[in-house]
Amino acid sequence: MSDENSIVEDTFLSSREGGAGAIDLRSDTVTRPTAGMYRRMLEAPLGDDGLDGDPTAEELEALASLVLGMEAGLFVPTCTMANLLAVLTQAGRGDPVLLDHGAHIYNTERGSSTLTGVCMRTLPGTGGMMDLTVLEETLALELGRSSNALVCLETSHNSSGGAILPLPYLHTVRQMANASGARVHLDGARLFNASAAMNEPPSTITRNFDTASICLSKGLSAPAGAVLCGSAETIGKARQWRKILGGTQRQVGVVAAAGIEALDVMRHRLSEDNARALRLSEAINSAAIAVCANEPQTNIVQLDVSRTGRSSDRWVDALDRAGLKVRPINPRSLRCVTHRHIDDAAIERAAEIVLSLDDACAP
Ligand SMILES: *Cc1c(COP(=O)(O)O)cnc(C)c1O
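What counts as what
Residues numbered from 1 in each chain as written. Predicted model: local features only at pLDDT ≥ 70, side-chain atom pairs only at ≥ 80, totals over all residues. Heavy atoms only, no water. Axes fitted to C-alpha atoms, helices over the stretch in contact; angles between N-to-C directions. Helix = DSSP H or I, 4+ residues; strand = E, 2+ residues; numbered from the N terminus. Parallel < 35°, antiparallel > 145°, perpendicular 65-115°, else oblique. Left-handed = near helix turned anticlockwise from the far one by under 90°. Contact = heavy atoms within 4.5 Å. Nonpolar A, V, L, I, M, F, W, Y, C, P; charged D, E, K, R; others polar. Pairing = 2+ DSSP bridges. Expected span 1.5 Å × (residues − 1). Buried < 20%, exposed > 50% of the residue type's maximum accessible area, 1.4 Å probe, protein only. Arc of directions from axis to C-beta. Near = heavy atom within 4 Å. Polar contact = N/O pair within 3.5 Å; in protein donor to acceptor, adjacent residues only side chain to side chain. Areas by Shrake-Rupley, 256 points an atom, 1.4 Å probe, with all protein chains shown as cover. Phe/Tyr/Trp six-rings, centres within 6.5 Å; stacked < 30°, edge-to-face > 60°. Lys NZ or Arg CZ within 6 Å of the ring centre and 35° of its normal. Core = buried A, V, L, I, M, F, W, Y, C linked by side-chain atoms within 4.5 Å.

Novice: Please explain the packing of helix 7 (residues 132-143) against helix 8 (residues 167-180) as it appears in this structure.
Specialist: To characterise two packed helices, one gives the angle between the axes of the helices and the distance between these axes. One way to put it is that helix 7 packs onto helix 8 with a least axis distance of 10 Å and a crossing angle of 20 degrees. In terms of axis orientation, helix 7 runs roughly parallel to helix 8. Seen from above, helix 7 lies across helix 8 with right-handed handedness. Between helix 7 and helix 8, the residues in contact are L132, L135, E136, L139 and L143 and Y169, T172, V173, M176, A177 and S180, respectively. Looking at the contact of helix 7 with helix 8 residue by residue, the class counts come to 8 nonpolar, 2 polar and 1 charged.

Novice: How do you make sense of the sheet that holds strand 4 (residues 119-123) when you look at a structure like this?
Specialist: Here 7 strands make up an open sheet; going across it, the order is 2-10-9-8-7-3-4 and the pairing mixed. A single partner strand is all that each edge strand has here, and the edge strands are strand 2 (72-76) and strand 4. If you compare each strand with its neighbour and ignore which way they point, the axes differ by 20 degrees on average. Bridging between strand 7 (residues 150-154) and strand 8 (residues 183-188) involves 5 bridges; their strand directions are parallel.

Novice: I tried to follow the pairing of strand 14 (residues 327-330) on my own but got confused; where do I start?
Specialist: Looking down a regular strand, the side chains alternate between one sheet face and the other. Here strand 14 pairs with strand 15 (residues 333-337) via 3 bridges, running antiparallel. When the sheet's bridge partners are listed, P328 is paired in strand 15 with L334. Taken together, strand 14 and the strand that follows it, strand 15, pair antiparallel across an intervening segment of 2 residues.

Novice: So what exactly am I meant to see when it comes to helix 11 (residues 232-245) here?
Specialist: Side chains that are three or four residues apart share a direction in an α-helix, a result of its 3.6 residues per turn. In a regular helix each residue adds 1.5 Å, so 14 residues correspond to 20 Å; helix 11 covers 20 Å between its end C-alpha atoms and thus fits that length. Three or more residues of helix 11 are buried, namely T234, I235, A238 and R242. End-on, the buried residues of helix 11 take up no more than an arc of 90 degrees, which puts them together on one face. Set apart from the buried face of helix 11 by more than 90 degrees, the exposed residues are E233, Q240 and I244. On its buried side, helix 11 packs onto helix 3 (55-68), strand 2, helix 4 (79-90), strand 8, strand 9 (211-215) and strand 10 (226-230). Of the residues one or two after helix 11, G246 is the one with positive phi, at around 85 degrees.

Novice: Any chance you could explain the site of the ligand here in plain terms?
Specialist: Surrounding the ligand, one finds 13 residues, the nearest of these being C79, T80, N158, D187 and K218. For the ligand, a nitrogen atom lies 3.4 Å from a polar atom in the side chain of E109. With the chains in place, 87% of the 380 Å² that the ligand exposes on its own is no longer accessible. Sorting the residues of the shell around the ligand by element identifies helix 4 and helix 5 (104-109) as the ones contributing at least two each.

Novice: What is the right way to read the packing of aromatic side chains from this model?
Specialist: Aromatic ring pairs are reported here in terms of the distance separating the ring centres and the angle at which the planes meet. Within the structure shown, the criterion is met by 0 aromatic pairs. Seen from the ring of W315, R310 lies directly overhead, with NZ or CZ sitting 5.0 Å from the centre.

Novice: Would you mind going over the side chain of S65 with me for this structure?
Specialist: For S65, the position within the fold is in helix 3. A relative accessible area of 6% places S65 in the buried class. Aside from chain neighbours lying at most four places away, what touches S65 is M70, E71, A72, G73 and C229.

Novice: Any chance you could explain the environment of A140 here in plain terms?
Specialist: Among the structural elements, A140 can be located in helix 7. Overall, A140 belongs to the exposed group, its relative accessible area being 55%. Residues A140 and S306, 166 residues apart in the sequence, show an inter-C-alpha distance of 40 Å.

Novice: What is the right way to read the sheet that holds strand 15 from this model?
Specialist: Strand pairing in a sheet relies on backbone hydrogen bonds, with the paired strands running either antiparallel or parallel. Pairing in this open sheet of 4 strands is antiparallel, and the strands run 11-12-15-14 from one edge to the other. Looking at the sheet topology across the chains shown, the edges are occupied by strand 11 (292-293) and strand 14. Examined bridge by bridge, strand 11 and strand 12 (residues 300-304) share 2 bridges and lie antiparallel to one another. In the sheet register, A293 faces strand 12, and the bridge partner there is L303.

Novice: Before we go on, may I ask you to explain the nonpolar core in this structure?
Specialist: As a rule of thumb, nonpolar side chains are buried together in soluble globular proteins. Counting 51 residues, the largest nonpolar core has L68, L135, L153, F192, I214, L216 and L263 as its most contacted members. With residues near it in sequence (within four places) discarded, I214 still touches A64, L68, C79, G188, A189, L191, F192, A226, V227 and L263. In this structure, A318, I342, A351 and L357 belong to the second largest nonpolar core, which totals 29 residues.

Novice: Would you explain the pairing of strand 2 in this entry?
Specialist: Among the 5 residues of strand 2, 5 are classified as buried, and the element is accordingly described as predominantly covered. Where burial is concerned, the two faces of strand 2 agree: the one with A72, L74 and V76 and the one with G73 and F75 are both buried. As paired strands, strand 2 and strand 10 are joined by 5 bridges and run antiparallel to one another. Each bridged residue has a counterpart across the sheet, and for A72 the counterpart in strand 10 is G230.

Purely spatial values, then, with no claim about function.
Rendered as structure tokens:
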């Protein structure tokens, strides 16, 4: 009992570390492991995941593939690696990989363009949705040059302020890809935020894909880890590539145990984060003079500061001094991400801080 209490207490204390009252909206990656995660970590049966398997990693992989309605799963250190493995296993040298121009895989991760020899093509679109006419034309053109193609989508869509891709769009992309023999991968780092916002089970989204990645260490609060899901054949190949990339870990069940708690328990609370993001946006838009917030579908609020006379870097510094941490997206906008450590009071306070500074610099 006392052991467990001290673990819970440590969790509580660590979640307040570095706080000094600051509200941290930089990212949902700042979330700390829960007491339930620490409990599972202590009790997890362990093996050697590079030798004859780790039972807890296997349990997580089975759970993830069940939740996503896919045949198999592979535990990896990061969602970046999961996405890289999706490309490595489904596109070879010179094969086209088609993504929308705002894709995290293309703009932020860059592994598949730097390391693989695939031919990445970004397509125009809005809200994370590639223009379908351009996609169809590009698929036809590219498949004249190569026998393989991979289309990558992302939901929720990070750089589009957490936008979700509607089911009919996913279905159409799936059919276009099928018709031309291309595969489709989902960068689902925040799939469960999208699933909560759509009020649809995750498998209804992922049934339109050959492979899907999920990140366990964002809103789901695990300390690390991601899972790539797909057919047994593709995941078998991904397992070999993971070894080559140095992503095979040994008693990794210690970390995978937290991932099980993430999928079992934590994914069911993400609608709270989505709702608080909307509340933040409404509180700012209903009062702001110059700052303008997007209307978030999930847990990412983008603030347009272009009419305030201050660059986003200056906003970041000023907000930080006032006790609110956010990140710049570009010189004109900021990003605020809600998560488990942000409650209703923190949202109200965050809005107040933004508004007070907005007032201060209004003409
Ligand atoms: C964060 C993120 C990733 C990468 O996740 P890591 O686990 O941090 O490597 C991939 N795709 C999207 C859309 C993300 O937001």
